[in-house]
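Letter by letter, the chains look like this.
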Amino acid sequence: MKKRYTLYIILLLIAVMSAGDMLGAKPKKQQRSTRVKSSKVVKKKSKAKAKAKTKVVRATVKPTPDPRLNDPDYDPYLQCEDTCDHVHGIDLSRYQGDVFWETVGENTKMAYVYLKATEGGDRIDPKFERNINLAHRYGLKVGSYHFFRPKTPLQKQLENFTAQCLPGEQDLIPMIDVETLGGLQVDQFCDSLLTFLHMVEVAYHQKPLVYTFRNFYNWHLVGKLDDYQLMIALYLEEEPVLADERDITMWQYTGKGRIVGINGYVDKSRFLGRHGLREIRFRH
């Protein structure tokens, strides 16, 4: 009896010890998991603090104010046109949003405006119809321009442009905006452009004005456009001079102009030398 009782006690002790080991194993697992989570939380908090510090540092760096703003006579909405007698104008597209044309029309220095009508074979500027109607209403001389896409079928581009640029609504000759090779070789590009310019000339019975940047002309168009008037974009203080020294009719001197009646930036241009509006009037 005593042997059985002793054996029972031994078995009971073994069972209790085994149960204790099993119960002690669970907290260890849970604790490890908690440590991992807590380390992740610490990392996230440290990253958040680093970002916050970065933001604070960035926020404290302020741009240097324009010293001209301290001049009571300085008007940020005027640039060259307030200090010279050249004939000035602007060009607009949908990027300027809804223009307050009555206000623009009151600025007597803005004598003309070129409005984007189309691009490529099927794009129509959504603000074109509104812009051309209101620009006429408030006394500006208006012309329309097409953004040329060299690889798009030329006939399709011509049809797109002529459907919007109606002769009866034009005060100025059409303008073709040339800014990209479109992935073509230079010779192919020039053939495409010259063919399109001729097609526009036939459609409107007068040569179009060609707009491009000085460097683009110097790299790709030297000697190719001798029969066409040019508007050259160069956003520097000096007047543009081309590599072949050919005559320039108009100079787009800024892409960040300001004018009352237009929110945001606007392209501004002016005639060079003795050139004037009479040279780009649309012949009806």
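These numbers come from a predicted model, not from an experiment.

As a further point, take the overall build of the protein. Per the secondary structure count, the protein includes six helices and nine strands. Taken over 284 residues, the protein has a buried fraction of 38%.

Where helix H4 (residues 154-164) meets helix H5 (residues 186-204), the closest approach of the two axes is 10 Å, and the angle between their N-to-C directions is 40 degrees. In terms of orientation, H4 and H5 fall into the oblique class. For the crossing formed where H4 meets H5, the hand is right-handed. Two secondary-structure elements touch here, H4 through Leu154, Gln155, Gln157, Leu158, Phe161 and Thr162 and H5 through Ser192, Thr195, Phe196, Met199, Val200, Ala203 and Tyr204. Grouping the constituent residues of the contact of H4 with H5 by class yields eight nonpolar, five polar and no charged.

In this section: the nonpolar core. The biggest cluster of nonpolar side chains holds 50 residues, and the ones touching the most others in it are Leu92, Trp101, Val113, Phe189 and Leu225. Not counting residues up to four positions away in its chain, the partners in contact with Leu92 are Val99, Trp101, Val113, Tyr114, Leu115, Lys116, Tyr145, Ile262 and Val266. Ile173, Leu209, Met231 and Phe271 belong to the second largest nonpolar core, which has 14 residues in total.

Our next topic: the pairing of strand S1 (residues 88-92). Here S1 lies mainly inside the structure; five of its five residues are buried. Here S1 shows two buried faces, one formed by His88, Ile90 and Leu92 and the other by Gly89 and Asp91. In terms of strand pairing, S1 meets strand S2 (residues 110-119) through five bridges, oriented parallel. Residue pairing across strands places Asp91 opposite Tyr114, the latter belonging to S2. In this structure, S1 lies alongside strand S9 (residues 266-271), joined through four bridges in antiparallel fashion. The residue bridging Asp91 from the neighbouring strand is Asp267, located in S9.

Counted as a void, the largest pocket has a volume near 280 Å³. Every residue lining the largest pocket is counted, 17 residues in all, and those nearest its centre are Asp91, Ser93, Tyr145, Asp177 and Asp267. Of all the secondary-structure elements, those providing two or more residues to the lining of the largest pocket are S1, strand S4 (141-147), strand S5 (175-177), strand S6 (209-213) and S9.

Here the focus is unusual backbone geometry. A positive phi angle, close to 60 degrees, is found at His205, a residue other than glycine. Residue placement: His205 occurs in the loop between H5 and S6. Although it is not a glycine, Glu245 sits at a positive phi angle of roughly 60 degrees. Looking at the element boundaries, Glu245 is found in the loop between strand S7 (230-233) and strand S8 (250-257). Among the residues examined, Glu245 registers a relative accessible area of 67% and is labelled exposed.

Residues at a pLDDT of 70 or more form 70% of the protein, whose mean pLDDT is 80. Ignoring residues within four places in sequence, the model shows residues 19-47, a span with pLDDT below 50, making zero contacts including any to other chains.

When the charged atoms of two side chains with opposite charge come close together, those side chains can pair. What the rule picks out here adds up to seven salt bridges. Here Lys116 and Glu119 are joined by a salt bridge, their closest N and O atoms 2.6 Å apart. In this structure Lys116 comes out as buried when scored by relative accessible area, which is 14%. Among the residues examined, Glu119 registers a relative accessible area of 9% and is labelled buried. When the shortest N-O distance is used, the salt bridge between Glu201 and Lys207 registers 3.2 Å. Under the relative-accessibility criterion, Lys207 is labelled partly exposed at 34%. Here the salt bridges share partners, and the residues they tie into one network are Lys116, Glu119, Arg123 and Arg149.

Analysis parameters
Residues numbered from 1 in each chain as written. Predicted model: local features only at pLDDT ≥ 70, side-chain atom pairs only at ≥ 80, totals over all residues. Heavy atoms only, no water. Helix = DSSP H or I, 4+ residues; strand = E, 2+ residues; numbered from the N terminus. Buried < 20%, exposed > 50% of the residue type's maximum accessible area, 1.4 Å probe, protein only. Axes fitted to C-alpha atoms, helices over the stretch in contact; angles between N-to-C directions. Parallel < 35°, antiparallel > 145°, perpendicular 65-115°, else oblique. Left-handed = near helix turned anticlockwise from the far one by under 90°. Contact = heavy atoms within 4.5 Å. Nonpolar A, V, L, I, M, F, W, Y, C, P; charged D, E, K, R; others polar. Core = buried A, V, L, I, M, F, W, Y, C linked by side-chain atoms within 4.5 Å. Pairing = 2+ DSSP bridges. 1 Å grid on protein atoms, 1.4 Å probe; cavity = no way out; pocket = protein on both sides within 12 Å on 5 of 7 lines; lining within 4 Å. Points joined across faces, edges and corners; volume = space filled by probe spheres on them. pLDDT = per-residue confidence, 0-100. Salt bridge = Lys/Arg side-chain N within 4 Å of Asp/Glu carboxyl O.

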